[in-house]
Amino acid sequence: MVDQEEIRNARSRNSDTSAGMEQGLRVRRQVMGVSFVDKALGKAVDTPSWPLQEHVTEHIWGAVWTRDGLDRRSRSIATLSILVSLRAHEELGGHVRAALTNGLSQEEVVELIIHAGAYCGAPAALSAMRVVEASLNSVSD
């Protein structure tokens, strides 16, 4: 487990902590899980990727995911669809788990991948399904 103090120290060394960063960190941990987020942040501490982690946390999680207009379940559906179309497999597995946290069933996630295949193509859907199966298996274990 990543030391929370190490993350706090990196945040204070590298930027001013904004309300958006704090809100983003809270939402990101709620959606993705504390250990998942802390692992991602912990790997980035004192590396060139730290500013990107801060940017993603503040502007995507703190500004986009907190907007009115879509609930978290709907945001997860949109996010999974976009990640499938981009073939962004490195992000897809974590967002499958997040979608389950946000209220989608395993069956709905699978159906979403099948539906995406109609618009993104069979190769994208087949490739995404492998990531989804691995993610669902890890949740079941």
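Look up a bit, the structure's there.
Note that this is a predicted model, so its numbers are computed, not measured. (Residues numbered from 1 in each chain as written. Predicted model: local features only at pLDDT ≥ 70, side-chain atom pairs only at ≥ 80, totals over all residues. Heavy atoms only, no water.)

Novice: Is there a simple way to explain helix H6 (residues 89–101) in this structure?
Specialist: Relative to the 18 Å expected for 13 residues at 1.5 Å per residue, H6 spans 19 Å between its end C-alpha atoms, a close match to the ideal helical length. Among all positions in H6, only Leu92, Gly93, Gly94, His95, Val96, Ala98 and Ala99 are buried. The inward-facing, buried residues of H6 contact helix H2 (19–32), helix H3 (34–44), helix H4 (50–64), helix H5 (72–86), helix H7 (106–120) and helix H8 (122–140). Of the residues trailing H6, Gly103 is marked for its positive phi of about 105°. (Helix = DSSP H or I, 4+ residues; strand = E, 2+ residues; numbered from the N terminus. Expected span 1.5 Å × (residues − 1). Buried < 20%, exposed > 50% of the residue type's maximum accessible area, 1.4 Å probe, protein only. Contact = heavy atoms within 4.5 Å.)

Novice: Explain the pattern of salt bridges here, please?
Specialist: Oppositely charged side chains can form a pair if their charged atoms are brought close together. Here the structure, examined in full by the defined rule, presents 2 salt bridges. The residue Asp38 makes a salt bridge to Arg29 at a minimum N-O spacing of 2.6 Å. Of the residues examined, Asp38 reaches a relative accessible area of 0% and is grouped as buried. Here Arg29 falls in the buried class, since its relative accessible area comes to 19%. (Salt bridge = Lys/Arg side-chain N within 4 Å of Asp/Glu carboxyl O.)

Novice: What should I look at first to understand the packing of aromatic side chains in this one?
Specialist: The geometry of an aromatic ring pair comes down to the distance between the two centres and the angle between the two planes. Applying the stated rule across the entire model yields 1 aromatic pair. On the basis of an interplanar angle of 25° and a centroid distance of 4.7 Å, the ring pair of Trp61 and Trp65 is categorised as stacked. With a relative accessible area of 4%, Trp61 lands in the buried category. (Phe/Tyr/Trp six-rings, centres within 6.5 Å; stacked < 30°, edge-to-face > 60°.)

Novice: Teacher, can you tell me more about the layout of surface pockets here?
Specialist: By rolling a water-sized probe across the atoms, one finds the places where empty space is left. Taken as a whole, the largest pocket spans an internal volume of roughly 540 Å³. Lining the largest pocket are 22 residues, and of these Val56, Ile60, Trp61, Glu91 and His95 sit closest to its centre. Within the residue set of the lining of the largest pocket, elements represented by two or more residues are H2, H3, H4, H5 and H6. Taken together, the residues of the lining of the largest pocket sort by class into 15 nonpolar, 3 polar and 4 charged. (1 Å grid on protein atoms, 1.4 Å probe; cavity = no way out; pocket = protein on both sides within 12 Å on 5 of 7 lines; lining within 4 Å. Points joined across faces, edges and corners; volume = space filled by probe spheres on them. Nonpolar A, V, L, I, M, F, W, Y, C, P; charged D, E, K, R; others polar.)

Novice: Could you clarify how one ought to interpret the side chain of Thr57 in this entry?
Specialist: Structurally, Thr57 can be placed in helix H4. Of the residues examined, Thr57 reaches a relative accessible area of 0% and is grouped as buried. Among residues more than four places away in sequence, those in contact with Thr57 are Gly20, Met21, Gly24, Leu25, Arg28, Leu41 and Gly62.

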